[in-house]
Amino acid sequence: MALGVVLAGGCTVKDSAAPPSRVVLPARFAEAPVTGGMHADLGRWWTQWHDPVLDRLVDDALAANPDLAVARDHVRQARAYVAVARSALYPTVGATGDIAGGGLGWSNPAVPTALAPNLGDPATDGHLAGLAAAWEPDIFGGRAADLRAARAVAQSVEEQLHGTRMLVAADVVENYVASVDDLRRVALIDRAAAVLDRMEAYAGARMAAGQATRADIDAIRARRRTVLAARPLLVADVDTRRRRMAVLSGRLPEQAPAIPQPALFVIPPVPAGIVPVGVMERRPDIRARRDLVQAALERLRSARTDLLPRFGLEFFGGNGRLRFDGLPGLSGSGGLMALTTYLPIFTAGRIHAQIDVADARLDEAVTLYEQALLTALSEVESAYESRAALDVQGQGLAAALAVALRAAEDRLGLFDGGRSTLLDALQARLDAVAIEDAGVRSEDGRAMATIRLAVSLGGGTL
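Computed from a predicted structure; not experimentally measured.

**Q** Summarise the overall build of the protein; cite the residues concerned and give the values.
**A** Summing up its helical and strand segments, the protein has nine helices and four strands in all. Ordering the α and β elements of the protein from the N terminus gives α-α-β-β-α-α-α-α-α-β-β-α-α. Considering the protein as a whole, with its 462 residues, one finds that 37% of them fall into the buried category. Accessible surface computed for the protein: about 25100 Å², of which carbon and sulfur atoms make up 59%.

Following this line, the structure appears as structure tokens:
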């Protein structure tokens, strides 16, 4: 079905309609599973991981994140601009007033005071008070279009707030899950090092018996050092992610949250029943772009009204008094009303140029809206495909690990039966640890793909 840009009408200026979107949304996502999956709560999708520590960290970030605080301030500013635009539809009334007083004294020895009594200390005082009002009726709807544009911009800013909330939640989940996976890999490194320690001790005993050489021991030590070399980087990555989660919650890096001992968590299945039109209605970036198209259209309508006459009403009423010392005072009251008219005759092409600018900005807004639609569709399809591929990889690694663990048990049994060496049994255990590490890395990839999928579907925008 074709998705047009739904925009408000009702303007008296003709030819002010936004061009329709050329993007045709598919009926379904090609990479989404046809069956299976689950109807997840996309509003709080991270709860599907069933991890109370993760839930608490996300809630803390959503309550105190600095980026969210800034986004809320932007919403306040945008709403205030709406109030400013609305004020242009109403008359402006103001009170004025002046109070004057003071004196100027001088003395002239040649003129006796008795002959000039009013010249000894002349003074003036007076006051002027009035009420002024002005109003420009919005006959052709230009001011109303400005108000609708301001409202559309404010709505787009609110959508940016929702988008920030979505990204903050995803950032916390990503750092938490990656930290857990890193700690699981650290535990596997420690297990592998322990196995290599046993291999070194066994090789040492065999060398003492003349069944092994120094080269055999050096090879085992080199493997152990190689395995342990990856450990500091993983620990540093965990600490970096912990500090990131602290900052996301508005806390000092030194107040980074503790990550629980590595545990197997179940990665949620992909959501089912999701259709493209629903995603486009849910994603805040798409809604924000649509609002900006609406704002650009209203600005074009407003710009075109500048070609039409403008009418205004002005009124001033007041009273005042003015007195000069020694002279009769003046006082009175009155009012003045005027009807003003303005019709642009020659503006050196300024108004038409402004209309062209507004028209080009509308085309730009529609193009960016279409680009956002296409990007969103691509993100969802890629996330679905990546998750599906990683699911298959995970299944293969799980099967390989089961075989490797069985082989390790068999090798240990052969050693107990005197039909194999302990070195072979330990090597089989090392092989199983290596496959398990590959499985953890695969699970980390599945987790990241799941997070990307949740974000691409517009999850977390309560």
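More follows now that the structure is in view.
**Q** Just give me the short version of the nonpolar core, but keep the residues and values in it.
**A** Among the nonpolar cores identified, the biggest contains 39 residues, and W45, W46, W49, V58, V173, Y176 and V177 are the most heavily contacted of them. With 15 residues, helix α3 (residues 142-208) is the single largest residue contributor to this core. If near-sequence neighbours (up to four positions away) are discounted, W49 is found in contact with L54, V173, V177, F265, V266, I267, P268, A447, T450 and I451. Core analysis: the second largest hydrophobic core is formed by 31 residues, F29, M280, I351 and A372 among them.

**Q** Tell me what's going on with the pattern of salt bridges, and back it up with residues and numbers.
**A** Under the criterion given, the structure shown has 26 salt bridges. Across the pair E159 and R287 runs a salt bridge, and its minimum N-O distance is 2.6 Å. Highlighted residues: E159 in helix α3 and R287 in helix α7 (residues 284-304), separated in sequence by 128 residues. Exposure class is identical for E159 and R287. Each is buried. Taken together, the salt bridges that share partners define one network made up of E136, R143 and R310.

**Q** Give me the packing of α3 against helix α9 (residues 422-456): which residues, what numbers.
**A** In the contact formed by α3 and α9, the axes pass within 10 Å of each other and the chain directions differ by 175 degrees. Taken together, the axis directions place α3 and α9 in an arrangement best described as roughly antiparallel. Looking at side-chain class alone, the contact of α3 with α9 contains 22 nonpolar, one polar and 12 charged residues.

**Q** Talk me through the side chain of E158; I want residue IDs and the actual numbers.
**A** Assignment of secondary structure puts E158 in helix α3. A polar contact is formed between the side chain of E158 and the side chain of R79, at a distance of 3.2 Å. Look past the residues within four positions of E158 in its chain and what remains in contact with it is V75 and R79.

Criteria and thresholds
- Sequence order sets the numbering: in each chain, residues are counted from 1 along the sequence as written.
- Selection of residues for local features in this predicted model requires a pLDDT of at least 70, selection of side-chain atom pairs for listing and counting requires 80 or more, and totals for whole chains, interfaces and linings are taken over all residues.
- As a rule here, side-chain values cover all heavy atoms of the structure and leave hydrogens and water aside.
- Note on conventions: DSSP H or I runs of at least 4 residues are helices, E runs of at least 2 residues are strands, and numbering of each starts at the N terminus.
- Think of it in three bands: residues with accessible area under 20% of the maximum for their type are buried, residues over 50% are exposed, and the middle band is partly exposed, with areas taken using a 1.4 Å probe on protein chains only.
- The protein chains shown are the only cover counted for residues, whose accessible areas, like all others here, come from Shrake-Rupley with a 1.4 Å probe.
- Residues belong to a common nonpolar core when they are buried Ala, Val, Leu, Ile, Met, Phe, Trp, Tyr or Cys residues joined through side-chain atoms within 4.5 Å.
- Residue contacts follow a heavy-atom distance rule, with two residues in contact if any of their heavy atoms lie within 4.5 Å.
- By salt bridge we mean one thing: a side-chain nitrogen of Lys or Arg within 4 Å of a carboxyl oxygen of Asp or Glu.
- Every axis in this analysis is a line fitted to C-alpha atoms, fitted for helices over the stretch in contact. Angles between the N-to-C directions lie between 0 and 180 degrees.
- Roughly parallel refers to an angle under 35 degrees, roughly antiparallel to one over 145, roughly perpendicular to one between 65 and 115, and oblique to any angle outside these ranges.
- In this classification, Asp, Glu, Lys and Arg are treated as charged, Ala, Val, Leu, Ile, Met, Phe, Trp, Tyr, Cys and Pro as nonpolar, and every other residue, Gly included, as polar.
- Polar contact is defined as a pair of N or O atoms within 3.5 Å, subject to the rule that within protein one atom must be able to donate a hydrogen and the other to accept it, and that residues adjacent in sequence are counted only when both atoms are side-chain atoms.

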